[in-house]
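# Structural overview
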Amino acid sequence: MGPHPAVAAIRLAVRRVLHDVLTDVQRSTETDPPHLPHSPHEQAPPPTVLVACSGGADSMALASALAFEAPKLGIRAGGVTVDHGLQPGSDLRAAEVVVRLTALGLTPVESVAVDVGREGGPEAAARDARYAALDAAAERHAAAAVLLGHTRDDQAETVLLGLARGSGIRSLSGMAATSGVAGRYRRPFLHIDRQTARKACMVQSLPVWDDPHNADPAYTRSRLRHEGLPALEKALGKGVVEALARTAQLSRDDADALDAWAAQAEATVRDAAGRLECAKLYALPPAVRRRIVRRAAIEAGAPAGSLFARHIEEVDRLITGWRGQGVINLPGKVVAQRQGGRLVIRQG
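Within strand β4 (residues 143-147), four of the five residues are buried, leaving the element largely enclosed by the surrounding structure. Both strand β1 (residues 48-52) and β4 contribute to a ladder of four bridges, which runs parallel. Opposite Val51, over in β4, you have Leu147 as the bridge partner. The sheet contact formed by β4 and strand β6 (residues 185-186) spans two bridges and is parallel. Bridge assignment links Val146 to a residue of β6, and that residue is Tyr185.

As structure tokens, then:
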């Protein structure tokens, strides 16, 4: 008799991602071969894959599947838990997670304490601190990938948050299955719902920790999870989460295509000195033109996370609705202005 369907589903998802990681490692080795071994019989060490685990149901289910699948593929599997220090006893909770991951057979396993700042709000600050810690852990252990436990429900929430911000199709595309430097971060569960992950933990008798912040109405995502999405399902019927996740994938495909178009078009709208020519920009479709403008603003020093659609629209009017406007101030002390038919974006 095989494993419970929930366990089978999470294992299959992880197995597919691990095969992708092995393929990427092999390609990387072929294009940039490591130092030759000391003897013909010496083999390269197995790749390491880490799981980021908070102790919640999603990440514990992911950790259990990684511990089961990795050895069969010759992969070294470890784990990292991040102590944000935002709740009393968070250090004890992190220590418990280390014990649980070690009991699953993962190694290396470590807990990393971080200092959470205030920039961008509590949720964004915690996320920034967490990813910085995970990046550092991946570097320390030379990890080929770090697995994250985001589920289909998380993806639906991310799409709705992007919709509320009005940030365009890239924001609606939600979280990528693969992201980070050299595809470091992998999200095997984006097509798996939260209940499946919780069920997998229950049938395997895996203890889980429910973060009280996930039920705290002070946090936007928590309100969306416990009030917004249930209201949508009540009004529109079941299947909203699945539809939003599907929207994310379709939006990502469109956004990737437009990004590629903009990258190719950018060289054609610059003069010999590399300056953006307004007349040539004007001839491009708005979605392509605004991507070029956004990239130019980021290259000039505007923080991507603080550069909103309204900023790009103001700069775009220098191209499409020129009436002698003055300098436009952008985040990061970047300014944009039109000079002699050229769009100039620079540090102010």
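Turning our attention to the sheet that holds strand β3 (residues 109-113). An order of β3-β2-β1-β4-β6-β5 is seen for the six strands of this open sheet, with the pairing classed as mixed. Lying at the two open borders of the sheet, with one neighbouring strand each, are β3 and β5 (178-179). Here helix α2 (residues 57-69) sits on the sheet in contact with β1, β2 (76-83) and β4, set at roughly 160° to β1. Across the face of the sheet, helix α4 (residues 122-140) comes into contact with β1, β2, β3, β4 and β6 while running at roughly 150° to β2.

The biggest cluster of nonpolar side chains holds 33 residues, and the ones touching the most others in it are Val49, Leu66 and Phe189. If sequence neighbours within four positions are ignored, Phe189 has contacts with Ile10, Ala13, Val14, Asp58, Ala61, Leu62, Gly149, His150, Thr151 and Arg152. Ranked by size, the runner-up nonpolar core spans 25 residues in total, among them Leu276, Ala297, Ala300 and Val315.

Now for helix α12 (residues 309-320). Taking 1.5 Å per residue as the helical rise, α12 with its 12 residues ought to reach 16 Å, and the 16 Å between its terminal C-alpha atoms agrees with that figure. Listed in full, the buried residues belonging to α12 are His311, Ile312, Val315, Asp316, Leu318 and Ile319. For α12, the arc enclosing every buried residue in end-on projection is 140°, short of the 170-degree limit, so these residues lie on one face. Turning to α12, the residues buried within the fold contact α10 (278-282), α11 (286-299), β8 (328-330), β9 (334-339) and β10 (342-347).

Calculation notes
Residues numbered from 1 in each chain as written. Predicted model: local features only at pLDDT ≥ 70, side-chain atom pairs only at ≥ 80, totals over all residues. Heavy atoms only, no water. Buried < 20%, exposed > 50% of the residue type's maximum accessible area, 1.4 Å probe, protein only. Helix = DSSP H or I, 4+ residues; strand = E, 2+ residues; numbered from the N terminus. Pairing = 2+ DSSP bridges. Contact = heavy atoms within 4.5 Å. Axes fitted to C-alpha atoms, helices over the stretch in contact; angles between N-to-C directions. Core = buried A, V, L, I, M, F, W, Y, C linked by side-chain atoms within 4.5 Å. Expected span 1.5 Å × (residues − 1). Arc of directions from axis to C-beta.

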